[in-house]
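A structural walkthrough
Chain by chain, the residues run as shown.
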Amino acid sequence: MPVTPTAAVRDLSWTVASTSAQFSSNGGALTLVTDETPAGYQIMSQAIAVPADQVPVVRVCGRIEEGAVAIGLLNDARDTWIGTRIYEAGPFEDTLIFDPKGSPEVTVVVTTAGAPGRSRATLTAVDVGMAPPTIGGLPLSELDARGWNVGYSAAGDVVAVGDGVTDLAAGDLVACAGAG
């Protein structure tokens, strides 16, 4: 009977989900070389309990050396994505906050993200915490963790332009955001 490789990094225990994926832990970091499937699970954490009055907050940091990976959360049955985000070549630091939709447990999963060939990633931190679903009556959002929000914003279609306007035409799609 084959042994499934596992690695413990911080508070998470990781298990390989693809027999072709390669991963190792060293000094608190997890290095992953994916298989070549377009959207295959590569590694996954143990199930993490989610109290009924909480939402999971997952802080991820690392670097994609080549290719791309997606990091997300599966429900307790591991048959439905609660949410996922794709990271491409370069460093990344992000906070994932997804409504668990009543799931009493979640599993953190790293997948391939459609990049051709194998991808190589180093995860320096994957920390999972819990928080109330609302703060001050507003839904908890990863925008708060990023230190900015979109403020006032608008999107629409140009219906007409005035004399002298040369960079817009009727039918153009336009958008603006109040914070950059």
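Read on for an overview of the structure. (Residues numbered from 1 in each chain as written. Predicted model: local features only at pLDDT ≥ 70, side-chain atom pairs only at ≥ 80, totals over all residues. Heavy atoms only, no water.)

Observations concerning the overall build of the protein
Heads up, the rule is: The numbering of helices and of strands both runs from the N terminus, where a helix is a DSSP run of H or I of at least 4 residues and a strand a run of E of at least 2. A 1.4 Å probe rolled over the protein chains alone gives each residue an accessible area, and that area as a share of the maximum for its type sets the label: buried under 20%, exposed over 50%, partly exposed in between. In this description, accessible areas are obtained by the Shrake-Rupley approach with a 1.4 Å probe, and a residue is regarded as covered only by the protein chains that are shown.
On a plain count of helices and strands, the protein comes out with one helix and 14 strands. Burial status across the protein gives 39% buried among its 180 residues. Accessible surface computed for the protein: about 10200 Å², of which carbon and sulfur atoms make up 53%.

Observations concerning the packing of aromatic side chains
The geometry of an aromatic ring pair is captured by two quantities: the separation of the ring centres and the angle between the planes. Which entries qualify depends on this criterion: Each aromatic pair joins two rings of Phe, Tyr and Trp (for Trp, the six-membered one) with centres within 6.5 Å, and gets the label stacked for planes under 30 degrees apart, edge-to-face for over 60, and tilted for any other angle.
Summed over all chains, the structure comprises two aromatic pairs. Measuring from centroid to centroid gives 5.7 Å for Tyr 41 and Trp 81, while their planes differ by 80°, and the two rings are edge-to-face. Placement of Tyr 41 in strand S5 (residues 41-45) and of Trp 81 in strand S8 (residues 81-97) is noted, with a sequence separation of 40 residues between them. Plain terms: the ring middles of Tyr 87 and Phe 92 are 4.5 Å apart, the flat faces sit at 25° to each other, and that makes the pair stacked. By relative accessible area, Tyr 87 is classed as buried at 6%.

Digging into the pairing of strand S2 (residues 12-16)
Short version of the rule: If DSSP finds at least two bridges between two strands, the strands pair.
Of the two faces of S2, the one holding Leu 12, Trp 14 and Val 16 is buried and the one holding Ser 13 and Thr 15 is not buried anywhere. With three bridges joining them, S2 and S5 adopt antiparallel strand pairing. Note that in S5 the partner of Trp 14 across the bridge is Ser 45.

That is the geometry; function is a separate question.
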